[in-house]
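Letter by letter, the chains look like this.
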Amino acid sequence: MRSANLAAVLACLRDGGPRSRARLAADTGLTKATVSSLVAELVERGLVVEGALVRPGSVGRPSTLVELDGRGFCGIGVEVNVDYLAALALDPTGTVRRETRLALDVAALAPAEVLARASALVSEVRAGQGAAAVGLTVAVPGQVQGAVVRTAPNLPRWVGTDVAAGFADQGLPVTVANDADLSALAEVSAGPHAHVADLVYLTGEVGVGGGVVTGGQLLRGSTGVGGEVGHLALTPGDAVCGCGRTGCWETVVGLAALLRAAADPGDPLRDPGRDLEDRLAEVVARARAGDARTLEALAGIGTGLGVGAAVLVALFDPAVVVLGGYFAEVGEFLLDPLRAALAQRVEDADRVVLSTLGFTAAVRGGAHVALQPVFDNPTSVPLLEAPA
């Protein structure tokens, strides 16, 4: 019971921000005496800290605010994608402690080599920040069973790879999950869409992924592949998808489709060894300069997104559809054609918005998942040693 009450106080501070003991008692339904005891223990575990004094009004004694303490612990998120690796350390307050990304042609390398480089990135974000990592979550562009990649249409060599084994040297609990699912969790955990109960997240990379939150819960499906929207059969085109089939949505709206339409082979935009954000910045620069080919390519992506988004809106009726990944980076040129196509098929085309998390969504979501055991069971964090 005490562990559950400690978790309730922590969750209240995480979701609602700093507050007094009296407010915590009112919000959790616990007695003031119980809350005072719980706060004292959370302070001893380095999970909360006492902050500023506030007065209730013109009369009355001031009270001390209690807030999450982000100094001692962090969760690590890692992303393995087709053309980059990323790692990020997040503390319990939601503050990014450190992050890094490496442009890498992952598809051309053996999984073991990629995982070694990814583990080196984890070591980099853990180093010198003074916060103890409590867990690590790895985002991959495919579906997993346990820690093993089950399907990965754009990284076929990874099928059967035990991803967690590549991070054994970190000495941390490791979780492996789909990148779009983790991105959706990031959107409902922080930022303008925090605590939205019904949300669809679309991530644009070489492939297209989706994460669906309905009723506040991530939709996983009976076999764990819910949200694999990139392979919806939405186009009669003959382009072959990474999954081996034709007609998949990602063949007309994925990053490869944009780059094929916007640039010839040999153009730096098509170089997978070049940082993706640099390439997308060049796409935006060309579009803003009025380059007809680039603008036509972006309009085609936007229209294709609108057609597919209409299906998802009809199925899930989300309060918001969030565009992440490369969609967000070039979103100023996608929204108008997207909303025009969507408005022909469903009501409220304005529910589509751009993510503010950019390419950090999956690693942020992973770091949130890595931290969750601390919020579920604060007693898993040892008491701080008393000063000598």
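Within each chain, residue numbers correspond to sequence positions counted from 1 in written order. With pLDDT at 70 or above as the cut-off, local features in this predicted model cover only qualifying residues; side-chain atom pairs require 80 or more to be listed or tallied, and sums for whole chains, interfaces and linings still use all residues. Water and hydrogen atoms were dropped before computing side-chain values, which therefore reflect all heavy atoms in the structure.

Brief notes about the overall build of the protein chain
Within the protein chain, the secondary structure is distributed over 12 helices and 15 strands. For the protein chain, the spread of C-alpha atoms along the three principal axes comes to 70 × 50 × 45 Å. Across the 388 residues in the protein chain, those meeting the buried criterion constitute 50%. Partitioning the intrachain contacts of the protein chain with sequence separation of at least 6 by distance along the chain shows that 63% fall at a separation of at least 24. With the model as given, the accessible surface of the protein chain reaches about 16400 Å², and the carbon-plus-sulfur share is 53%. Working definition: helices are DSSP H or I runs of at least four residues, strands are E runs of at least two. Numbering for both runs from the N terminus. Only protein chains enter the calculation, and the probe is 1.4 Å; a residue is then buried if its accessible area is under 20% of its type maximum, exposed if over 50%, and partly exposed in between. Contacts were defined at the residue level, with two residues in contact if any of their heavy atoms lie within 4.5 Å. Residue-level accessible areas treat just the shown protein chains as cover; the underlying method is Shrake-Rupley with a 1.4 Å probe.

Here we look at the packing of aromatic side chains
Aromatic pairs are defined between Phe, Tyr and Trp rings, using the six-membered ring for Trp, whenever the two ring centres lie within 6.5 Å; interplanar angles under 30 degrees are classed as stacked, those over 60 as edge-to-face, and all others as tilted. In total, this model carries two aromatic pairs according to the counting rule given. Relative to Phe359, the ring of Tyr84 lies with its centre 5.9 Å away and its plane at 80°, an arrangement referred to as edge-to-face. One end of the pair, Tyr84, is in strand E5 (residues 84–90); the other, Phe359, is in the loop between strand E15 (352–354) and helix H12 (361–376), with 275 residues separating them in the sequence. Each ring, one from Tyr326 and one from Phe327, has its centre 4.7 Å from the other, and the planes form 50°; the classification is tilted. In this structure, Tyr326 and Phe327 share a single accessibility class: buried. In this scheme, Lys NZ or Arg CZ marks a charge over a ring once it lies within 6 Å of the ring centre and within 35 degrees of the ring normal. Of note, Arg14 hangs over the ring of Phe375, and the distance from its end group to the ring centre comes to 4.7 Å. One cation-aromatic arrangement involves Arg101 over Tyr84; the distance from NZ or CZ to the ring centre is 5.5 Å.

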